[in-house]
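Architecture at a glance
Listed below are the residues making up each chain.
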Amino acid sequence: MSNMIINYSKTVYDNKISELESYIKQLDGHRANLEGYRDKIRNVWDDSEAERYYSNLSEQILAVKNAAQRTTDLKTIYERASADFAKQKALTSGLIGDAETAIKALGIAKD
């Protein structure tokens, strides 16, 4: 029963990790697009309004970078938790095996 719960929990965390990886890829794509747009502004537009848009895009790029970093940090937390579940499963399996061996050695019937 405990291994089933651990397997379920680990699976939930692993699925969340995959989802976060997808978000990180999307954010990287958005950042690249914004940088491309920002770099093109000065090629086609050269006045104070262009500078305002350039500055605005730079702020948006920074916001996307920060979101990607926070998402990466969250993914790291989930990865560590998933690894902890794997360790806990191994420990639990070992304890259950030891208990079953002791029960058999004592001749206690197992229901």
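Conventions we followed
Residues numbered from 1 in each chain as written. Predicted model: local features only at pLDDT ≥ 70, side-chain atom pairs only at ≥ 80, totals over all residues. Heavy atoms only, no water. Helix = DSSP H or I, 4+ residues; strand = E, 2+ residues; numbered from the N terminus. Buried < 20%, exposed > 50% of the residue type's maximum accessible area, 1.4 Å probe, protein only. Contact = heavy atoms within 4.5 Å. Areas by Shrake-Rupley, 256 points an atom, 1.4 Å probe, with all protein chains shown as cover. Core = buried A, V, L, I, M, F, W, Y, C linked by side-chain atoms within 4.5 Å. Phe/Tyr/Trp six-rings, centres within 6.5 Å; stacked < 30°, edge-to-face > 60°. Lys NZ or Arg CZ within 6 Å of the ring centre and 35° of its normal. Patch = residues over 30% accessible without salt bridge, like charges linked within 9 Å, V, L, I, M, F, W, Y side chains within 5 Å. Salt bridge = Lys/Arg side-chain N within 4 Å of Asp/Glu carboxyl O.

1. Let's talk about the overall build of the protein chain
Along its length, the protein chain carries 2 helices and 0 strands. Burial analysis of the protein chain (111 residues in total) assigns 22% to the buried set. Sequence separation of at least 24 residues holds for 77% of the intrachain contacts in the protein chain that already meet a minimum separation of 6. Of the roughly 8,200 Å² of accessible surface on the protein chain, 55% is carried by carbon and sulfur atoms.

2. Quick look at the nonpolar core
With 9 residues, the main nonpolar core is built from Leu27, Leu34, Ile41, Ala50, Leu57, Ile61, Val64, Ala67 and Ala68. Considering every element that reaches this core, the biggest residue donor is helix α2 (residues 48-106), with 6 residues. Leaving out residues up to four positions away in the same chain, Leu34 has contacts with Leu57, Gln60, Ile61 and Val64.

3. Points about the packing of aromatic side chains
Where two aromatic rings form a pair, the distance of their centres and the angle of their planes describe that pair. The tally for this structure, following the rule as stated, stands at 2 aromatic pairs. Ring plane angle 35 degrees and centroid distance 5.1 Å describe the contact between Trp45 and Tyr53, whose orientation is recorded as tilted. The class of Trp45 is partly exposed, set by a relative accessible area of 31%. Owing to a relative accessible area of 38%, Tyr53 belongs among the partly exposed residues under this scheme. Between the NZ or CZ atom of Arg42 and the centre of the ring of Tyr54, over which it lies, the distance is 3.7 Å. Seen from the ring of Tyr53, Arg52 lies directly overhead, with NZ or CZ sitting 5.1 Å from the centre.

4. A short note on the environment of Ser82
Its place among the elements puts Ser82 in helix α2. Residues Ser82 and Val12, 70 residues apart in the sequence, show an inter-C-alpha distance of 8.9 Å.

5. Thoughts on a nonpolar patch on the surface
On the surface, a nonpolar cluster with roughly 310 Å² of combined accessible area is contributed by Val44, Trp45 and Tyr53. Residue position: Trp45 is located in the loop between α1 (2-44) and α2.

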